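Fold and geometry: a report
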Amino acid sequence: MNWGSIHGNFGFDGQYYNNDSLIGAPNVPERFRANGFLNLVYTNGNFSAGLRYEMYLPKPLLGFDNRFEGQGIPFRYASYKLGGLEVTAGSFYEQFGNGLILRFYEERALGFDNFLDGFRAKYSPYKGIQMTGLIGKQRYFWGHSDGLVKGFDAEINFGELFEKLQDKKIKLILGGSFVSKYQKDQEIPNPDNPNQLLNLPLNVGSWAGRLTFGIGRFQMNSEFAYKINDPNRTNNFIYRPGTAFYLSASYAQKGFGITVQAKRVENFDFRSDRNETGNALLMNFIPMLNKQHTYMLAATVYPYAVQTNGELGLQADINYTTPKWLAKKYPTQINLNFSMVNALDTNLTGDRYGYTTEIFGFGRKLYMDANIEISQKLSKKVKLNLMYMYLFIDRNLVQGFGYTPREIHSHIAVADVTYKFLPKHTLRFEVQTLQTKREMDHLDDRVNGSWLMGLIEYSFAPNFFVSIMDQWNYGNPTADFRIHYITGTVGYNIGSTRFSLSYGRQREGIVCIGGVCRQVPASNGLTISIMSSF
Amino acid sequence: MKLHHFLILLFAALIHHSCDYVEAPYIQVGANGCTVAEPTFTPRTNPVRKILIEDFTGHRCGNCPRAAEKLSDIYNNNPNRIIPVAIHSELSGYFTAPLGGTGKYSYDFRTELGKAIDQKFGISSAGIPNGTVNRKKINNSAVISFTQWENQVNQLLAIPPDMDIQIKNYFNPSDSSLCSYVYVQALSNLSGSFKVVCYLVENDFINWQKDYSYPGEDIENYQHEHILRAPLSTTWGTLLTDGSVSAGQTFVNGYSIKFNMERWNPDNCYVIAFVYNENTDEVIQAEQEKVTN
């Protein structure tokens, strides 16, 4: 008899907090807080079932929503496949197309989890045709959303349907989806006149169509989405319909690749509750068209948060590797990247409709990033990575602090040297700087003016690593805020389990993953982290 | 029926039942809105131009009764031609701030609406008493001293009207709701974006008023007139046309409000409406109508 198999993973992050008023760390009376989870999945042939235990005790780690406090099993499901039909009951994640009208996903580092609890059926009548229908309520911390979500998606992959296309190296995928939310009526006063109540739509529908086309080395992917009147707190209860457009085109050959992307988003914050803000109960995802930086100062000092209610964005990315005939011993890899995001230029109508705008109504500049990264192996033992980046951000607009401009122009440079002095033994050094003007009218801000950052890391492959890092806001106009944020980390891997310990200061800031962000307060203390899978 | 036919039908049904399109003005009709259907309006035979005068005043502003007297004179000298509004703005600070307790000057005349208008036209920063006449700007400022109101009114009254406004009010005493329909008729071809605005004002309200020319300076039974109470439309109104309007075009907008019966007496209230050019802010026509008959 086949008893099936169980696999899963677990993670634990705990932190001891020290008081540190200098960096602005909030006082944590419990001293210790921890987040933990365990996923279990049982599979037996066509049947699978799973659950996830989560714990946030005595309260969630600083920077995570306090409404997660507690422990329980929020996520559980069972699923069965029968021919072309797959049925899931319980909790599940899903994405239609690029996610413009529907994406349920989890981003643990953000404390983001918006899975749907309900019922889903996927059906494939022929190879190359896939249909998905779903209904349910979204996770809302330890409960469920007030609103109900219904969705349907169909996709035809012509390459799989007609084998001749595959022979010609042609890829063609067409897809369409429809998503609707229902939420019961509420008394919401007209923001312009509190004596009047708004006439709310209870059912808000949206649809999207998408096309992926590829021939040879060229490929493109585009999607357009439309949402009917959806007055909600994030758009200040206006009735204008929303639209979102996304386009990505790329070309690749040996040693060279280029990707160009564009998007236009208008009034497209889509949630299953009209009153929610922040990251709660989001139903869709607007892709970020900016490079996901990995170097500390580039990624975390002035990150970009996607403006779901209005932005126009462009990105171009070029990868180039010097060819062999240059007769260099080691090729040089170059990455050029440029991205820019503008707000929409709108004309207010003065009533609840909201505003009017043009298709290419470029409004104020929100963000711009122009960067070059060069990677060069110098010898068998030494590898060098260099990066320069120009970054512009309007902090007030991007972080939603109003329309007064707060424009930051900054230059970031990074040098990263890896030195493998013995087999398995590697030393890595990073030096980074961010140069920008002091903001004299924001003297209370602990992220202000220029930064220096240094890192030394030693690793003994594949088990052990130790590193020490310092971020120094030496250019802060307030002398007390020229703080060294020093953190030391030790990590050890055994099989698929990784332990790490780090001690030091973490500065206040915003953590963003894919343009979705959360505010993180400063902290000082010891962090223990365990990740494992089985 | 094949399975995929069934699925297509199911999908069509899902789409059909999952969109609630809401029409302008997006405000609830019912308990707190208009339960009265839109009435029919008949164009008037001899429309005339009417003038909006906004008097920014304060109950502790001892010179303000002089402006109120001037406004009253202009109103009486031009019967049915003047639409007056008295605005007690929070931005006038001391002059309009209520004193604590229940004694004299404890009443609060101020409204968010009045503050918003003040903020836009900068009256309080010019000092009160001051006001606007049709919000018309002279040297880029709409602020006009009350001593100049009459002169300005006479110039404007001489111009033939470009629009006509009619108001029909339906007050329901059982739930103290008011529904007002505002009819706007263009009389000539005009270019610009035009908006219609609808506010509630109250007359004959007895309360304290500072008056420097009154013995003892504090009048207990002062008759406050034309007090701005609340917006029926939004502060800046409903867009009628974006770009231009031609003679003969008509527009009807309905507004509703729930009466604050502890503060407002419906028998003393008026609904005022006016149309202005969004590009210049200038009011081109105004009208008022009693709430109850």
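Structural notes, computed from the coordinates. (Residues numbered from 1 in each chain as written. Chains lettered and ligands numbered in written order. Predicted model: local features only at pLDDT ≥ 70, side-chain atom pairs only at ≥ 80, totals over all residues. Heavy atoms only, no water.)

**Structural notes on the overall build of chain B**
The helix and strand inventory of chain B stands at 4 helices and 15 strands. Taking all 293 residues of chain B together, the buried fraction comes to 53%. Contacts spanning at least 24 positions in sequence make up 73% of the contacts within chain B whose residues lie at least 6 apart. Element-wise, carbon and sulfur atoms account for 49% of the exposed surface of chain B, whose accessible area totals about 13200 Å². Of the charged side chains in chain B, 22 are positive and 30 negative, and the gap between their average positions amounts to 3 Å. (Helix = DSSP H or I, 4+ residues; strand = E, 2+ residues; numbered from the N terminus. Buried < 20%, exposed > 50% of the residue type's maximum accessible area, 1.4 Å probe, protein only. Contact = heavy atoms within 4.5 Å. Areas by Shrake-Rupley, 256 points an atom, 1.4 Å probe, with all protein chains shown as cover. Lys, Arg positive; Asp, Glu negative; His and termini not counted. Charge placed at Lys NZ, Arg CZ, Asp CG, Glu CD.)

**Digging into the overall build of chain A**
Along its length, chain A carries 4 helices and 33 strands. By the compact-globule yardstick of 24 Å for 534 residues, chain A fits well, its C-alpha radius of gyration being 25 Å. Each principal axis of the C-alpha distribution contributes one length, and for chain A these read about 65 × 60 × 50 Å. Sequence separation of at least 24 residues holds for 59% of the intrachain contacts in chain A that already meet a minimum separation of 6. Looking at chain A as shown, the accessible area adds up to about 24600 Å², and 61% of this sits on carbon and sulfur atoms. Distance between charge centres in chain A, computed from 55 positive and 46 negative side chains, equals 8 Å. (Rg over C-alpha atoms; globule rule 2.2 N^0.38 Å.)

**Notes on the interface of chain A and chain B**
The interface of chain A with chain B comprises 31 residues on the first partner and 29 residues on the second. At the junction of chain A with chain B, the criterion picks out 0 salt bridges. Secondary structure elements with two or more residues in the side of chain A that touches chain B: β13 (148-157), β14 (170-182), β16 (193-197) and β17 (203-215) of chain A. With 4 residues, the single largest contributor to the side of chain A that touches chain B is β16(A). (Salt bridge = Lys/Arg side-chain N within 4 Å of Asp/Glu carboxyl O.)

**Here's the deal with a nonpolar patch on the surface**
All names here are of chain A. On the surface, Tyr419, Phe429, Ile456, Ile468 and Ile486 cluster together into a nonpolar patch covering about 430 Å² of accessible area. Locating Ile468 in the fold gives a position in strand β28 (residues 464-472). By relative accessible area, which is 46% here, Ile468 ends up partly exposed. (Patch = residues over 30% accessible without salt bridge, like charges linked within 9 Å, V, L, I, M, F, W, Y side chains within 5 Å.)

**Focus: the pattern of salt bridges**
Residue and element names in this part refer to chain A. Evaluation of the coordinates by the stated rule reveals 47 salt bridges over all chains. Across the pair Asp269 and Arg271 runs a salt bridge, and its minimum N-O distance is 2.6 Å. With respect to burial, Asp269 and Arg271 carry one shared label: buried. Two residues, Lys291 and Glu373, come together in a salt bridge whose shortest N-O distance is 2.9 Å. A residue pair is termed long-range when its members are at least 10 positions apart, and Lys291 in the loop between β20 (256-266) and α3 (296-300) and Glu373 in strand β23 (residues 355-377) qualify at 82 residues. No difference in accessibility class separates Lys291 from Glu373, as the two residues are buried.

**Some points on the pairing of β23(A)**
It is a general feature of regular strands that their side chains alternate between the two faces of the sheet. All names here are of chain A. Note: strand β22 (residues 332-348) against β23, 15 bridges, orientation antiparallel. Bridged to Met340 within β23 is Met368. Counting the residues in the hairpin turn of β22 and β23 gives 6 residues, including Gly350, whose phi is positive at 85 degrees. Where β23 folds back onto strand β24 (residues 382-394) in an antiparallel hairpin, the turn is made up of 4 residues. (Pairing = 2+ DSSP bridges.)

**Examining the packing of aromatic side chains**
Residues and elements named next belong to chain A. Counted according to the given criterion, the structure contains 33 aromatic pairs over all chains. With a centroid separation of 5.0 Å and an interplanar angle of 40 degrees, the aromatic rings of Tyr304 and Tyr367 are classed as tilted. With a gap of 63 residues between them, Tyr304 in the loop between α3 and β21 (310-321) and Tyr367 in strand β23 connect regions that are remote in the sequence. Taken together, the ring pairs connect Tyr56, Phe68, Tyr140, Phe141 and Trp142 into an aromatic cluster. It is Arg108 that lies over the ring of Phe37; its NZ or CZ is 3.8 Å from the centre. (Phe/Tyr/Trp six-rings, centres within 6.5 Å; stacked < 30°, edge-to-face > 60°. Lys NZ or Arg CZ within 6 Å of the ring centre and 35° of its normal.)

**Quick look at helix α4 (residues 149-157) of chain B**
Residues and elements named next belong to chain B. Restricting attention to buried positions, one finds in α4 the residues Trp149, Gln152, Val153, Leu156 and Leu157. Projected down its long axis, α4 shows its buried positions confined to an angular sector of 130 degrees, all on one face. Contacts from the buried residues of α4 go to β1 (51-57), α2 (64-77), β2 (82-88) and β3 (130-133). (Arc of directions from axis to C-beta.)

**Re the nonpolar core**
Val179(A), Tyr302(A), Leu366(A) and Tyr367(A) are the most contacted members of the largest nonpolar core, which has 60 residues in total. Looking at this core, the element that brings in the most residues is β24(A), giving 4 residues. Ile167(B), Ala186(B), Leu200(B) and Ile284(B) belong to the second largest nonpolar core, which has 28 residues in total. (Core = buried A, V, L, I, M, F, W, Y, C linked by side-chain atoms within 4.5 Å.)

**Structural notes on the state of the cysteines**
All names here are of chain B. Applying the stated criterion across every chain, the model contains 1 disulfide over all chains. Across a sulfur-sulfur distance of 2.1 Å, Cys61 and Cys64 are joined as a disulfide pair. Taking the torsion about the sulfur-sulfur bond, which here is approximately 80 degrees, the covalent link between Cys61 and Cys64 counts as right-handed. Judged by its relative accessible area of 2%, Cys61 falls in the buried class. Not part of a disulfide, Cys269 finds its nearest cysteine sulfur in Cys198, a span of 12 Å. According to the relative accessible area criterion, Cys269 is buried, its value standing at 0%. (Disulfide = S-S within 2.5 Å.)

**Overview of a positive patch on the surface**
Residue and element names in this part refer to chain A. Residues Lys329, Lys377, Lys380, Lys383 and Lys420 make up a contiguous surface patch of positive charge. Its location among the elements puts Lys420 in strand β25 (residues 407-422). What makes Lys420 partly exposed here is its relative accessible area of 43%.

**Some words on the sheet that holds strand β4 (residues 163-172) of chain B**
All names here are of chain B. Spatial strand order, β4-β5-β13: 3 strands in an open sheet with antiparallel pairing. With one partner strand each, in any of the chains shown, β4 and β13 (250-258) form the two edges of the open sheet. On average, each strand axis in the sheet is tilted by 15 degrees relative to the strand beside it, whichever way the strands run. Taken together, the 9 bridges between strand β5 (residues 177-186) and β13 define a ladder with antiparallel strand orientation. Note that in β13 the partner of Ser177 across the bridge is Lys258. (Axes fitted to C-alpha atoms, helices over the stretch in contact; angles between N-to-C directions.)

**Structural notes on α2(B)**
Given 3.6 residues per helical turn, the α-helix brings residues three or four places apart onto the same face. Residues and elements named next belong to chain B. End to end, α2 covers 20 Å across 14 residues, agreeing with the expected 20 Å (1.5 Å per residue, within 8%). Within the sequence span of α2, burial applies to Cys64, Pro65, Ala67, Leu71 and Ile74. If you follow the buried residues of α2, they end up packed against β1, β2, α4, β8 (205-210) and β9 (218-224). (Expected span 1.5 Å × (residues − 1).)

**Comments concerning the environment of Lys420(A)**
A sequence separation of 11 residues divides Lys420(A) from Val431(A), and the C-alpha atoms of the two residues are 18 Å apart. The residues touching Lys420(A), leaving out its near neighbours within four places in the chain, are Lys381(A), His425(A) and Thr426(A).

**Comments concerning the environment of Thr436(A)**
Residue and element names in this part refer to chain A. On the secondary structure map, Thr436 appears in strand β26 (residues 425-436). As a C-alpha pair, Thr436 and Ile412 span 24 residues in sequence and 8.9 Å in three-dimensional space. Filtering out sequence-adjacent residues up to four positions away, Thr436 remains in contact with Tyr302, Ile408, His409, Ser410, Gly449 and Ser450. Within the structure, the side chain of Thr436 is placed 2.7 Å from the backbone oxygen of His409, a separation counted as a polar contact. (Polar contact = N/O pair within 3.5 Å; in protein donor to acceptor, adjacent residues only side chain to side chain.)

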